[in-house]
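Per-entry structural report
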Amino acid sequence: MEELPLPILDKTLKEAELAGPENLVEHESDMEEVRHFYIEKLRDPHINAFFKYLRNDPALWQKITNTYKKRQTFLDSAHRLERDQLDQQPDHIRLLAPLISAIATTPEVRASFQLLLDEAAQYESQTLRESIEDGHNYVQRLVVGGGLMGAIFNSEFLHQAPEASSLTVEQNAALGGQFRQYGSAVISMNTQNAPFNKEGGDEISNIDPNSFGPHAPIELGDLSGDLFADNEMIGLAAALNQYLTGHTLLNNESYRASLNTSENPGKFKVEIKEETGTSRDVYTDGIITLSGIGESSYGLPNADSETQSILDKESAQYEQTKHSHVLTYGQFLSMIGDPTNDFPLEPFIGKRVGFVGGGHSSLTGAEALAHLGPEHRGSVSTLGGPKEIVILGTSFANREEFLAKELPRYGQLAAIMARKESHPDSKDPLVTVMPGVRVRQLRESGEGLTLQYADKTAPSTDALQELGLDYVVFTTGFEDTTLGMFEGMLDDEETNGDIGNFPAVLDQAGKAIARHLPGNPDIVFGGAAAHLAQGERELAMADIYNMPHNPASMFSNMRNVVELARKIGTTAKEERTDIKTDKELRIPKREKTTIEPRGESLHRLTFSLSEEVEARTFPSTIRLADFLSINIRAELGRFSLPAGQTELVFNISRTEESFTVDSPGLDRAYLDVVQTIFEDTINQSLVARLTDPALRRSSHLVLKLPLERNKEELTI
């Protein structure tokens, strides 16, 4: 079988194995340090098991290989547009792009790869917790936010200061930020996934607005060929870059920063509280906040008691059932992006849906319900759609104004407006726009809802007009929680103030690229969290390319974060010679544990199936048996298996409320390992689905896992 042409990866792995784990930190250059950083990431048991799974399926491996060769040629050509001196770039930059591109564009494995990336990130996160608890709780820089901007920052920071220690803390359970919280592809972004090739000056020519920076291992264009990529692909690109270039602590509920008054190294102490209630302290010399624009909310600050009662009730309903008739934009995307629901648009069929807010969020939401967004599994257009979609608060009154003021990107939505106007009996939903209005209150009426609204310029005492709806989606409200972390370090005026008034951080050209806490230049707010106004360069780009300000703002934030990473990375690199502490956080090298054989076979084990385990569902694109095999291999990959073992066999038998596992030939010394594998709730759910008689499946399951065929084969 032909191997993928990965000479750099192959050579590095073999050298590392010969040198031994203790010598992996000694490299010839910074680029070698970065390359080895990538390699250690790929040695995660789940990633390792995934590549073994691919290699043990000849047909699938051949398909990946063929795609790899094509993608390598295409990507090299595409990225030459962005880098005039491609041949002078370090070889590590594009090392992984073609391989990961081949995987991400192969439907049979992409969904599994995304889930396994999450498992790898969770495994690393647990390793970080253990290291912090052991007293290794100091890092040079702490990054708040593991989403889009965090990935851009870490990609450039690693390149600038590969020996500097850093830690990223992320609130959610998965990397990728807001784009990966919805479950699947539900919206198409309005920024172009393509280089600009028009004349516009050196500052903005040949730049991809969705670029993750000049030293990112993966770019959005590596994963998606769509001109307007969807949120799933942007989220996957962010997650991959974040995983490959940073260390991330997941599942955190809150953070609290203060000046460090203890004997521990570092200027600041950051208390990290997890969802479980456990708190840990991390010490650092700098904090970079890249947490976005805040949490999605309803955006009705002056709601009366009746309106607030409705909002509270609907919010509680969503928490319990993940379904509500009053939704924030984030809740709406999560609801229609639920990967376990084959018909996520079904609740909106024949209903009147109102989007409060006339920006891009409302437009992308209207596209999704009109079947103009990414595919929604079973929710095909033949099932029907909303009876009417109303967008309140637009800057346009009709289709002609819409086309004149918005991106051509929304041309299909404009076409629907035109067809419905000229053909009232069309099956397309009626899209109605209401310009210049502001929603004031909300009322219940029978089985529906009533929005009370008025002109934006009208006094609050004016009579309100009413609009009856079945669903209301608020796209206007965001609660900025950025400063909550620093309440103890701010006075009342600063706490209630606008970050946009904080002192600016300047790049070498004197341009504002971020803001910092007053009196504390080592606490920095970057990306959207910096509240920076657009500069002349971004406004000029918007004029040249006839772009609204929102895409120009995204482009500006991305470039600013790259410049910020360069500035902070240069400082961190200079500091390295002064840092001498055994408390610095380092990820332990992943070495296999040796288990002494006992000379007797493993006994049969029994595991109970809870209702929660049996109720769990998986995306329809996941091959359940393969995914279970990868998970088992990942856990076993942490240990040295008995010499001469070429295959593992697991016999699984299902009863009504439990299942038993027997692995003939596996030494009894591995009893605890097998126990750990099948106590995992995800694996239990997979077994339950694979042996469910209601799905016409056998109650007996046999899993055969072939091990490495020979020692010369590349093992990641």
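Residues numbered from 1 in each chain as written. Predicted model: local features only at pLDDT ≥ 70, side-chain atom pairs only at ≥ 80, totals over all residues. Heavy atoms only, no water.

1. Looking at the overall build of the protein
On a plain count of helices and strands, the protein comes out with 21 helices and 27 strands. Across the 716 residues in the protein, those meeting the buried criterion constitute 53%. Considering only intrachain contacts with a sequence separation of at least 6, the fraction spanning at least 24 residues in the protein is 73%. (Helix = DSSP H or I, 4+ residues; strand = E, 2+ residues; numbered from the N terminus. Buried < 20%, exposed > 50% of the residue type's maximum accessible area, 1.4 Å probe, protein only. Contact = heavy atoms within 4.5 Å.)

2. Structural notes on the packing of aromatic side chains
For the coordinates displayed, the defined rule picks out 16 aromatic pairs. Ring plane angle 85° and centroid distance 5.5 Å describe the contact between F332 and F355, whose orientation is recorded as edge-to-face. One end of the pair, F332, is in helix α11 (residues 329-336); the other, F355, is in strand β11 (residues 352-356), with 23 residues separating them in the sequence. Residue F355 is classed as buried on the basis of its relative accessible area, which comes to 0%. In textbook terms, an aromatic cluster arises when at least three aromatic residues are bridged by ring pairs, as seen for F50, F51, Y53 and F113. Above the plane of the ring of Y243 lies K41, whose end atom (NZ or CZ) is 4.7 Å from the centre. (Phe/Tyr/Trp six-rings, centres within 6.5 Å; stacked < 30°, edge-to-face > 60°. Lys NZ or Arg CZ within 6 Å of the ring centre and 35° of its normal.)

3. Brief notes about the pattern of salt bridges
Considering all chains together, one arrives at 22 salt bridges under this definition. A salt bridge links E133 to R280; the shortest N-O distance between them is 2.5 Å. Note that E133 is positioned in helix α6 (residues 107-133) and R280 in strand β7 (residues 279-284), a separation of 147 residues in sequence. On the basis of relative accessibility, which here comes to 51%, the residue E133 falls in the exposed class. Using a relative accessible area of 11% as the deciding quantity, one classes R280 as buried. (Salt bridge = Lys/Arg side-chain N within 4 Å of Asp/Glu carboxyl O.)

4. A word on the sheet that holds strand β14 (residues 437-445)
Hydrogen bonds between backbone atoms are what pair the strands of a sheet, whose relative direction is either parallel or antiparallel. The strand order β14-β15-β16 describes an open sheet built from three strands, whose pairing is antiparallel. The open sheet has two edge strands with one neighbour each: β14 and β16 (465-469). Shown here is a sheet whose adjacent strand axes are inclined to one another by a mean of 30°, direction ignored. Sheet analysis places β14 next to strand β15 (residues 448-455), joined by eight bridges and oriented antiparallel. Of the residues in β15, the one forming a bridge with E444 is L449. (Pairing = 2+ DSSP bridges. Axes fitted to C-alpha atoms, helices over the stretch in contact; angles between N-to-C directions.)

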